[in-house]
Amino acid sequence: MKKKILIIEDEQDLVKGLRLNFIDEGYEVIWADDGSKGLLKAQEEIPDLIILDIMLPKMDGLEVCRELRKKNISTPIIMLTAKGEEVDKVVGLEIGADDYMTKPFSIRELLARIKAHLRRETRENKRVPDIYRLEDLEIDFTFFKIRRRGKESDLTSLEAEILKYFIAHKGEVVKRDVLLDKIWGYEKFPTTRTIDNHILKLRKKVEEDPSRPKYILSVYGEGYRFLGK
Ligand code: CA
């Protein structure tokens, strides 16, 4: 699966250069040339990492970063600062940016940092919150419980992993073989049937009417799609 990088930057020449290098490294690249477009794309296109310039038309990079974190979007953000913007750098990290680079920077250095952040991100499972709430559903990943309207059920650690993966990839089609790879790993070889059985059990805990799921949808021939916030 290709990792998607969103570049929010208004300097076209810089974007062109970054784009070519990122594509060369096997990344998918999307781009926004002002802050408000960038904010939208960050939410709609679910990138794996964001390169965010500070000086931007319409909405500056600091504001974009603040808004994303306020919406609980934890995608890694590498901020680009110009020389002399040392103060912004500090503010950027305080409001939830993960890293920064000062222009002009070396592309190799940036690529190395991107790789490091993406690796960390995969490991941390996109930092799903300890308690995830969706309408009248509450999933407690610390104590492995699911609560809905006063009814509580236990969650196995495997189910918790599946749910975390779904939440981190909400809205996307999650293929069965990707789930096998991510949750079970390569060492064990459960069949796709095993996954379906786990999903059936999970639906009984998550869904109001498991026969007509609202959150964990089946995508025929592919896998599943989790609809959540
Ligand atoms: Ca700029």
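Our structure is the block above this text.
Residues numbered from 1 in each chain as written. Predicted model: local features only at pLDDT ≥ 70, side-chain atom pairs only at ≥ 80, totals over all residues. Heavy atoms only, no water.

J.: Can you walk me through the pattern of salt bridges in this structure?
T.: Note that side chains of opposite charge can pair when their charged atoms are close. All chains considered together, the criterion is met by 27 salt bridges. Ionic pairing is found between Glu9 and Lys103, a salt bridge with its closest N-O pair at 3.0 Å. Here Glu9, found in the loop between strand E1 (4-8) and helix H1 (12-24), pairs with Lys103, found in the loop between strand E5 (99-102) and helix H5 (107-123); they are 94 residues apart in sequence, far enough to count as distant. Each member of the pair, Glu9 as well as Lys103, is classed as buried. Note that Glu152 is salt-bridged to Arg147, the shortest N-O span being 3.0 Å. For Glu152, a relative accessible area of 45% gives the class partly exposed. Connected through salt bridges with shared partners, the residues Arg133, Glu138, Asp140, Lys145, Arg147, Glu152 and Asp154 form a single ionic network. (Salt bridge = Lys/Arg side-chain N within 4 Å of Asp/Glu carboxyl O. Helix = DSSP H or I, 4+ residues; strand = E, 2+ residues; numbered from the N terminus. Buried < 20%, exposed > 50% of the residue type's maximum accessible area, 1.4 Å probe, protein only.)

J.: How should helix H6 (residues 157-168) be read in this particular structure?
T.: Structural remark: α-helix, 3.6 residues per turn; residues separated by three or four positions point the same way. Across its 12 residues, H6 extends 16 Å between first and last C-alpha, which sits within 8% of the 16 Å expected from 1.5 Å per residue. Residues of H6 that are buried: Glu159, Ala160, Ile162, Leu163, Tyr165, Phe166, Ile167 and Ala168. (Expected span 1.5 Å × (residues − 1).)

J.: I would appreciate a short explanation of the sheet that holds strand E7 (residues 137-140) in the present structure.
T.: The strands making up a sheet are joined through hydrogen bonds of the backbone, oriented either antiparallel or parallel. The antiparallel open sheet is built from four strands, whose spatial order is E6-E7-E8-E9. If you trace the sheet from one side to the other, it starts and ends with strand E6 (131-134) and strand E9 (151-154), each paired once. This sheet shows a mean twist of 15° between the axes of neighbouring strands, independent of strand direction. Seen against the sheet, helix H8 (residues 192-206) touches E7, strand E8 (145-148) and E9 and runs at an angle of roughly 45° to E8. (Pairing = 2+ DSSP bridges. Axes fitted to C-alpha atoms, helices over the stretch in contact; angles between N-to-C directions. Contact = heavy atoms within 4.5 Å.)

J.: Honestly, the nonpolar core in this entry has me stumped. Any pointers?
T.: Across soluble globular proteins, nonpolar side chains show a tendency to be buried alongside one another. Core analysis: the biggest nonpolar cluster contains 28 residues, and Ile139, Phe141, Leu163, Phe166 and Ile216 have the highest contact counts within it. Those elements that place two or more of their residues in this core are E6, E7, H6, helix H7 (176-184), H8 and strand E12 (223-226). Ranked by residues supplied to this core, first place goes to H6 with seven residues. Counting residues in each nonpolar core, the second largest holds 19 residues, with Ala42, Leu52, Met59 and Leu68 among its members. (Core = buried A, V, L, I, M, F, W, Y, C linked by side-chain atoms within 4.5 Å.)

J.: Help me understand the packing of helix H2 (residues 35-44) against helix H3 (residues 61-70) in this model?
T.: Packed helices, taken two at a time, are described by the angle their axes make and the gap between the axes. Across the interface, H2 lies against H3 with an axial gap of 9 Å and an inter-helix angle of 25°. When the axis of H2 is compared with that of H3, the two are roughly parallel. Both H2 and H3 take part in a crossing whose hand is right-handed. Between H2, through Gly35, Leu39, Ala42 and Gln43, and H3, the contact on the second element is made entirely by Val64, Glu67 and Leu68. Tallied by class, the residues present in the contact of H2 with H3 amount to four nonpolar, two polar and one charged. (Parallel < 35°, antiparallel > 145°, perpendicular 65-115°, else oblique. Left-handed = near helix turned anticlockwise from the far one by under 90°. Nonpolar A, V, L, I, M, F, W, Y, C, P; charged D, E, K, R; others polar.)

J.: Just checking my understanding: could you explain the sheet that holds E5 for this structure?
T.: Here five strands make up an open sheet; going across it, the order is E2-E1-E3-E4-E5 and the pairing parallel. Edge positions in the sheet fall to strand E2 (28-32) and E5, since each of these pairs with one other strand and no more. The sheet shows a mean angle of 20° between the axes of neighbouring strands, taken without regard to direction. For E1 and E2, the ladder comprises five bridges, and the chain directions are parallel. Looking at the pairing, Lys4 lines up with Glu28 of E2. The sheet contacts of H2 involve E1, E2 and strand E3 (49-53), and relative to E1 the element is tilted by about 165°.

J.: Explanation requested: H1 in the structure shown.
T.: Here H1 contains 13 residues, and its C-alpha end-to-end distance of 18 Å stays within 8% of the 18 Å for a straight helix at 1.5 Å per residue. Listing the buried residues of H1 in full gives Leu14, Val15, Leu18 and Phe22. The buried residues of H1 occupy an angular sector of 95° when projected down its axis, which confines them to one face. Away from the buried face of H1 by more than 90 degrees, exposed residues Asp13, Lys16, Leu20 and Asp24 are located. One or two residues past the end of H1 sits Gly26, with phi positive at roughly 95°. (Arc of directions from axis to C-beta.)

J.: So what exactly am I meant to see when it comes to the packing of aromatic side chains here?
T.: For any pair of aromatic rings, geometry is given as the distance between the ring centres together with the angle between the planes. Throughout the structure, instances matching the rule amount to four aromatic pairs. Judged by centre distance (6.1 Å) and plane angle (0°), the ring pair of Phe166 and Phe226 falls under stacked. Of the two residues, Phe166 is situated in helix H6 and Phe226 in strand E12; the sequence distance between them amounts to 60 residues. Taken as a pair, Phe166 and Phe226 share a single burial class, namely buried. The rings of Tyr132, Phe166, Tyr224 and Phe226 are connected pair by pair, giving a single aromatic cluster. Sitting over the ring of Phe141, Lys164 keeps its end group 5.3 Å from the ring centre. (Phe/Tyr/Trp six-rings, centres within 6.5 Å; stacked < 30°, edge-to-face > 60°. Lys NZ or Arg CZ within 6 Å of the ring centre and 35° of its normal.)

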